[in-house]
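In case you want the letters, here they are:
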Amino acid sequence: MNKIAYPAELQNLIGHLKRLPSIGPRTAERIALWLLRSPDSCSADLAQALGAASLGVLLCPSCGFFASRTLGCPLCDDPARDNSALCVIEQATDILPLERSGAFHGRYHALHGRLSPLDNVGPDDLRIPSLLQRLRVGQVREVILATGSDVEGEATAHFLGQTIAQTFPHIALSRLAQGLPAGGGLDSADDLTLFRALSGRRPLGS
Ligand SMILES: [Zn+2]
């Protein structure tokens with residue numbers, strides 16, 4: 001007797017869902033079955049939203065945040081922002097909590113990672129060349145190194161601080177003030193803590 005299994009199309013759907021972060025085999029199966037039992041419009045809307053997002057959203061080549069292919073980058077295209085201050089963060093998603101704090105109105109640069117020798121992440125794997133290129137343009141007077149307060153975040157800030165100080169000695173370097181949770185990323189800090197950390201940022205090396 002043949003072993004009974006789900007139809008190939010359903011197995012295929014479960015297989016795709018399983019590849020999503022935090023989705024295990026049981027959850028993938030539950031979502032797939034839920035979608036099948038939902039009205040047709042639900043699956044169609046989801047498929048349409050997925051297609052529109054993957055076609056319409058790209059990473060801004062300048063700051064590394066998410067930009068609309070048609071409307072551009074909400075940060076880089078905003079003429080009201082201060083071109084003289086550049087805040088360097090690890091991930092594009094770190095920008096949102098900093099924006100919510102309301103303490104910073106300059107430009108951003110997401111590295112898309114941090115130095116991590118154990119994971120084989122070196123300077124060449126991060127958006128450091130494009131950062132140096134932005135500094136070369138000459139408008140930036142202060143760089144805030146807002147990488148995390150854990151060992152890798154500190155090492156990344158230290159490396160960037162040295163690199164920038166050597167090439168652009170006229171640029172002031174600062175680091176977020178204490179108050180951030182030790183070992184935590186920006187996404188784990190509340191708005192007030194981030195506001196204080198940004199407002200009280202200290203020159204690097206002090
Ligand atoms: Zn941008």
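Every value quoted in this text rests on a predicted model; they were computed, and no experiment measured them. (Residues numbered from 1 in each chain as written. Predicted model: local features only at pLDDT ≥ 70, side-chain atom pairs only at ≥ 80, totals over all residues. Heavy atoms only, no water.)

**Points about the overall build of the chain**
Within the chain, the regular secondary structure consists of 7 helices and 7 strands. In sequence order, the chain lays out its α and β elements as α-α-α-β-β-β-α-β-α-β-α-β-α-β. Relative to a compact globule of 206 residues, whose C-alpha radius of gyration would be 17 Å, the chain shows 22 Å and is clearly more extended. A principal-axis box enclosing the C-alpha atoms of the chain has dimensions of 75 × 40 × 35 Å. Residues classed as buried in the chain amount to 37% of the 206 residues present. Looking at the chain alone, contacts between residues at least 24 apart form 56% of all its contacts between residues at least 6 apart. Accessible area for the chain stands at about 12200 Å²; split by element, carbon and sulfur atoms hold 58% of it. A gap of 1 Å separates the mean positions of the 19 positive and 20 negative side-chain charges of the chain. (Helix = DSSP H or I, 4+ residues; strand = E, 2+ residues; numbered from the N terminus. Rg over C-alpha atoms; globule rule 2.2 N^0.38 Å. Buried < 20%, exposed > 50% of the residue type's maximum accessible area, 1.4 Å probe, protein only. Contact = heavy atoms within 4.5 Å. Areas by Shrake-Rupley, 256 points an atom, 1.4 Å probe, with all protein chains shown as cover. Lys, Arg positive; Asp, Glu negative; His and termini not counted. Charge placed at Lys NZ, Arg CZ, Asp CG, Glu CD.)

**Digging into the packing of helix α5 (residues 128–137) against helix α6 (residues 151–167)**
Where α5 contacts α6, the axes come no closer than 12 Å and their chain directions differ by 40 degrees. For α5 against α6, the interelement crossing comes out right-handed. Across from Ile128, Leu131, Leu132 and Leu135 in α5, the residues of α6 making contact are Phe159, Leu160, Thr163 and Ile164. (Axes fitted to C-alpha atoms, helices over the stretch in contact; angles between N-to-C directions. Left-handed = near helix turned anticlockwise from the far one by under 90°.)

**Quick notes on the domain arrangement of the chain**
Looking at the assigned domains, one finds that the chain contains domain 1 (8–58) and domain 2 (81–203). Each of domain 1 and domain 2 has a C-alpha centre, and these two points are 36 Å apart. (Domains from an automatic or database assignment.)

**A word on the nonpolar core**
Judged by nonpolar contacts, the single largest core of 23 residues is most densely connected at Cys87, Ile89, Leu98 and Tyr108. Put simply, the parts of the chain that give this core at least two residues each are β3 (82–89), α4 (95–101), β4 (106–110) and α7 (191–199). Discounting chain neighbours no more than four positions away, the residues touching Leu98 are Cys87, Ile89, Ala103, Tyr108, Leu186, Leu194 and Leu198. (Core = buried A, V, L, I, M, F, W, Y, C linked by side-chain atoms within 4.5 Å.)

**Brief notes about the packing of aromatic side chains**
Enumeration over the complete set of coordinates arrives at 2 aromatic pairs. Judged by centre distance (5.6 Å) and plane angle (65 degrees), the ring pair of Phe65 and Phe66 falls under edge-to-face. (Phe/Tyr/Trp six-rings, centres within 6.5 Å; stacked < 30°, edge-to-face > 60°.)

**Things to note about the coordination of the zinc ion**
The zinc ion binds to the protein through Cys60 (SG), Cys63 (SG), Cys73 (SG) and Cys76 (SG); the donor distances cover 2.3 Å. Each of the 4 donor atoms bound to the zinc ion contributes to angles spanning 105 to 115 degrees, and the resulting shape is tetrahedral. (Donors = N, O, S within 2.8 Å, 3.2 Å for Na, K, Ca; no water. Tetrahedral: all angles 85-135°; square planar, octahedral: opposite > 155°, others 65-115°.)

**Side note on the pairing of strand β6 (residues 172–175)**
Successive side chains on a regular strand alternate, one facing one side of the sheet and the next facing the other. Summarising the sheet, strand β5 (residues 142–145) and β6 pair through 4 bridges and their orientation is parallel. Bridging from a neighbouring strand, Glu142 pairs with Ala172 of β6. In this fold, β5 hands off to α6, which returns the chain to β6; that crossover is right-handed. Where β6 and strand β7 (residues 202–203) come together, 2 bridges link them in antiparallel fashion. Paired with Ser174 across the bridge in β7 is Pro203. (Pairing = 2+ DSSP bridges. Right-handed = clockwise from strand over helix to strand, strands pointing away.)

**Regarding helix α1 (residues 8–18)**
Regarding α1, the residues found buried are Leu10, Ile14 and Leu17. Viewed end-on, α1 has its buried residues packed into an arc of 60 degrees, placing them on one side of the element. Of the exposed residues in α1, the ones pointing more than 90 degrees away from its buried face are Ala8 and Glu9. On its buried face, α1 sits against α2 (25–37). (Arc of directions from axis to C-beta.)

**Digging into the sheet that holds β7**
Taken in spatial order, the 5 strands line up as β4-β3-β5-β6-β7 in an open sheet, and their pairing is mixed. Where the open sheet ends on each side, the last strands, each with one partner, are β4 and β7. Here β3 runs beside β4; their pairing, made up of 5 bridges, is parallel. Following the sheet pairing, Val88 is matched in β4 by His109. Along the sheet face, α6 touches β3, β5 and β6 and points at about 175 degrees away from the line of β6.

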